[in-house]
Amino acid sequence: MTYLTPFTFNNGVTLRNRYVMAPMTTYSANADDTVSDEEIAYYKERSYGVGAVVTACTYVIANGKGFPGQIAAHTDAYIPSLSKIASAIHEGGSKAILQIYHGGRQAVRELVPNGDVVSASDTVAADGGSARALTIDEIHDIIQAFGETTRRAIEAGFDGVEIHGANTYLLQQFFSGFTNQRNDVYGGSVEKRMRFPLEVVAEVNRVKARYADKQFIVGYRFSPEEPEEQGITMDETIQLVDRLADAGLDYLHISLGDFRANARRYSGEKENRIQILHRVIRGRVPFIGVGSIYSKQDAQQASETGAELLALGRELLIEPHWVEKIAAGEEVITEMDMTRDNVIPGPLMDMMKLRQGWVPGVK
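The rules behind the values
- Residues numbered from 1 in each chain as written.
- Predicted model: local features only at pLDDT ≥ 70, side-chain atom pairs only at ≥ 80, totals over all residues.
- Heavy atoms only, no water.
- Helix = DSSP H or I, 4+ residues; strand = E, 2+ residues; numbered from the N terminus.
- Rg over C-alpha atoms; globule rule 2.2 N^0.38 Å.
- Buried < 20%, exposed > 50% of the residue type's maximum accessible area, 1.4 Å probe, protein only.
- Contact = heavy atoms within 4.5 Å.
- Areas by Shrake-Rupley, 256 points an atom, 1.4 Å probe, with all protein chains shown as cover.
- Lys, Arg positive; Asp, Glu negative; His and termini not counted.
- Charge placed at Lys NZ, Arg CZ, Asp CG, Glu CD.
- Pairing = 2+ DSSP bridges.
- Axes fitted to C-alpha atoms, helices over the stretch in contact; angles between N-to-C directions.
- Left-handed = near helix turned anticlockwise from the far one by under 90°.
- Nonpolar A, V, L, I, M, F, W, Y, C, P; charged D, E, K, R; others polar.
- UniProt positions renumbered as here; feature names shortened; annotations may be inferred.
- Phe/Tyr/Trp six-rings, centres within 6.5 Å; stacked < 30°, edge-to-face > 60°.
- pLDDT = per-residue confidence, 0-100.
- Expected span 1.5 Å × (residues − 1).
- Salt bridge = Lys/Arg side-chain N within 4 Å of Asp/Glu carboxyl O.

An unreviewed UniProt entry lists the protein chain under the name NADH-dependent flavin oxidoreductase, from Kurthia populi.

> Explain the overall build of the protein chain residue by residue, including any values.
Each helix and strand in the protein chain was counted, giving 12 helices and 14 strands. Compactness check: the protein chain gives a C-alpha radius of gyration of 19 Å against a globular reference of 21 Å for 363 residues, within 12% of the reference. Along the first, second and third principal axes, the C-alpha set of the protein chain runs to 55 × 50 × 45 Å. Buried residues in the protein chain amount to 60% of all 363 residues. Here the contacts in the protein chain between residues at least 6 apart in sequence split such that 69% fall between residues at least 24 apart. Summing over all exposed atoms, the protein chain offers an accessible surface of approximately 13800 Å²; the carbon and sulfur share of this is 47%. Looking at the protein chain, you have 37 positive and 48 negative side-chain charges, and the mean spots of the two groups are 3 Å apart.

> Any chance you could break down the pairing of strand 9 (residues 130–133) for me, citing the residues and the numbers?
When strand 7 (residues 118–119) meets strand 9, the two strands line up parallel, connected through two bridges. Following the sheet pairing, Val 118 is matched in strand 9 by Arg 132. Counting the residues between successive antiparallel strands, the hairpin from strand 8 (residues 123–124) to strand 9 contains five residues, one of them, Gly 128, with a positive phi of roughly 90°.

> Lay out the packing of helix 7 (residues 234–244) against helix 8 (residues 273–281) with the relevant residues and their values.
Where helix 7 meets helix 8, the closest approach of the two axes is 9 Å, and the angle between their N-to-C directions is 35°. Considering the relative orientation of helix 7 and helix 8, their crossing is right-handed. Facing Met 234, Thr 237, Ile 238, Val 241 and Asp 242 of helix 7, the residues of helix 8 in contact are Arg 273, Ile 276, Leu 277, Val 280 and Ile 281. Broken down by class, the residue content of the contact of helix 7 with helix 8 amounts to seven nonpolar, one polar and two charged.

> If you had to explain the packing of helix 3 (residues 136–155) against helix 6 (residues 195–211) to someone new, which residues and values would you point to?
Relative orientation of the contacting elements helix 3 and helix 6 amounts to 35°, with a least axis distance of 9 Å. Our pair here, helix 3 against helix 6, has a crossing hand that is right-handed. Note on element contacts: helix 6 touches helix 3 through Phe 196, Glu 199, Val 200, Glu 203, Val 204, Val 207, Lys 208 and Tyr 211, opposite Ile 139, Ile 142, Ile 143, Gln 144, Phe 146, Gly 147, Thr 150, Arg 151 and Ile 154. Looking at the contact of helix 3 with helix 6 residue by residue, the class counts come to 10 nonpolar, three polar and four charged.

> Could you give an account of the sheet that holds strand 7, naming the residues involved and the relevant values?
The strands making up a sheet associate through backbone hydrogen bonding, with each pair oriented either parallel or antiparallel. Taken in spatial order, the three strands line up as 7-9-8 in an open sheet, and their pairing is mixed. In this open sheet, the two strands that pair with only one neighbour each are strand 7 and strand 8.

> So, the UniProt feature "domain: NADH:flavin oxidoreductase/NADH oxidase N-terminal" (unreviewed entry) in the protein chain: which residues are in play, and what are the values?
Look at the UniProt record and you will see "domain: NADH:flavin oxidoreductase/NADH oxidase N-terminal" (unreviewed entry) annotated at residues 5–329. Note that residues 5–329 is 33% helix and 16% strand, and that its end C-alpha atoms are spaced 15 Å apart.

> So what about the packing of aromatic side chains? Which residues, and what values?
In this structure the tally under the stated criterion is 11 aromatic pairs. Taking the centre distance of 5.2 Å and the plane angle of 75° together, the rings of Tyr 19 and Trp 322 count as edge-to-face. Taken together, the residues span a long stretch of sequence, with Tyr 19 in strand 3 (residues 19–21) and Trp 322 in helix 11 (residues 322–327) at a distance of 303 residues. When sorted by exposure, Tyr 19 lands in the same class as Trp 322, which is buried. With 6.1 Å between their ring centres and 80° between their planes, Phe 67 and Tyr 169 make a pair best called edge-to-face.

> Give a description of unusual backbone geometry that names residues and reports values.
Both trends apply: most residues other than glycine have a negative phi, and most peptide bonds are in trans. At Asp 33, a residue that is not glycine, the phi angle is positive and equals roughly 70°. Assignment of secondary structure puts Asp 33 in the loop between strand 3 and helix 1 (37–45). For Asp 33, a relative accessible area of 8% gives the class buried. Phi at Ser 292 is positive, roughly 60°, even though this residue is not glycine. Within the element layout of this structure, Ser 292 appears in the loop between strand 13 (287–290) and helix 9 (296–303). Using a relative accessible area of 19% as the deciding quantity, one classes Ser 292 as buried.

> So, the confidence of the model for the protein chain: which residues are in play, and what are the values?
As a general rule, the predicted coordinates of low-pLDDT regions are not to be interpreted in detail. On average, residues of the protein chain carry a pLDDT of 96, and 98% of them reach 70 or more. No element of the protein chain has a lower mean pLDDT than helix 12 (residues 346–354), which averages 89, and none a higher one than strand 6 (residues 95–101), which averages 99.

> Account for helix 6, with residues named and values stated.
Taking 1.5 Å per residue, 17 residues should reach 24 Å; helix 6 reaches 24 Å between its end C-alpha atoms and fits that length. Listing the buried residues of helix 6 in full gives Phe 196, Pro 197, Leu 198, Val 200, Val 201, Glu 203, Val 204, Asn 205, Val 207 and Lys 208.

> Go over the pattern of salt bridges with me, naming the residues and quoting the values.
Overall, the coordinates contain 24 salt bridges when judged by the stated rule. Put simply, Asp 116 and Arg 132 hold a salt bridge, and the shortest N to O gap is 2.9 Å. Taken together, the positions of Asp 116 in the loop between strand 6 and strand 7 and Arg 132 in strand 9 put the pair 16 residues apart, joining distant regions of the chain. The class for Arg 132 is partly exposed, based on a relative accessible area of 28%. For Arg 152, the salt bridge is made with Glu 148, and the minimal N-O distance between the two is 4.0 Å. You can see Arg 152 and its partner Glu 148 sitting in helix 3, four residues apart, about one turn around the helix.

Shown next, in the form of structure tokens:
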């Protein structure tokens, strides 16, 4: 499979190729959580090669903010800011997809109202403090907030949204038996634990039907397994993915550090995670693979998983024009050179230097 050829979704939208820019945290919004000029330049620089750009996640409600310097989308006041991002991505010819999320227990206490960190259940927050369980009414408010943020994305000119159900944020916290100890309709069995994510998907699709046409893209990103004893297993993820594949989505997007990774917590053969889930999906929706794709050879090997599209994360930080260079048969750089001008926002570059090349938010 060559990923340089166009790809058409079931809703009729065509990407110029099968490469997608993965969502990556930038820490670079203005003080008021509007998009900064540095972020605009960053997205624009990387929009000339890939078929679509998925933005860094934006929080849908005030208590969902999980990072400093994060763009906001929880009120209509942020629509002009969002429009700048969509326009910058369109300038390079890519489809623009806004990733929407709630941080849940990963929210930054000093950045949310009254320091009130919430989750599926009473649990430990990322800062070691406590996160309290959401009430039923609050759950419904957050579901509605995902819909309202979708409406804002439509008004801002985005081509789609990606619901962020991965990387231990709120949707994953509800699905995980490790963080979800509820005994009501939103907790207990696997079926009940997947209720919240599925209701978010339904609300986003309801808003899409009201404010956009069928060509507005709705995707869903998920993490396949958790290491904790009560955490998500591959067998549970198979059940969720099977339901998501019939939920009116336009694609599913796995979150992985390495596309080569095999299943660990799985009753079946410990084979490649992407291959297992690709079989489960059975072509009902396109599947985006991701994880440590740096070279042309990596991409060729990743194609063997069967994923219809491939997402590039860290490699597009290293080489913003990776797709164009691969298409032209040119050599690409596969290790970060901090002396090159890769059009990376200052706060993100500072974080990369601090973590010696590790980029938070890239899985």
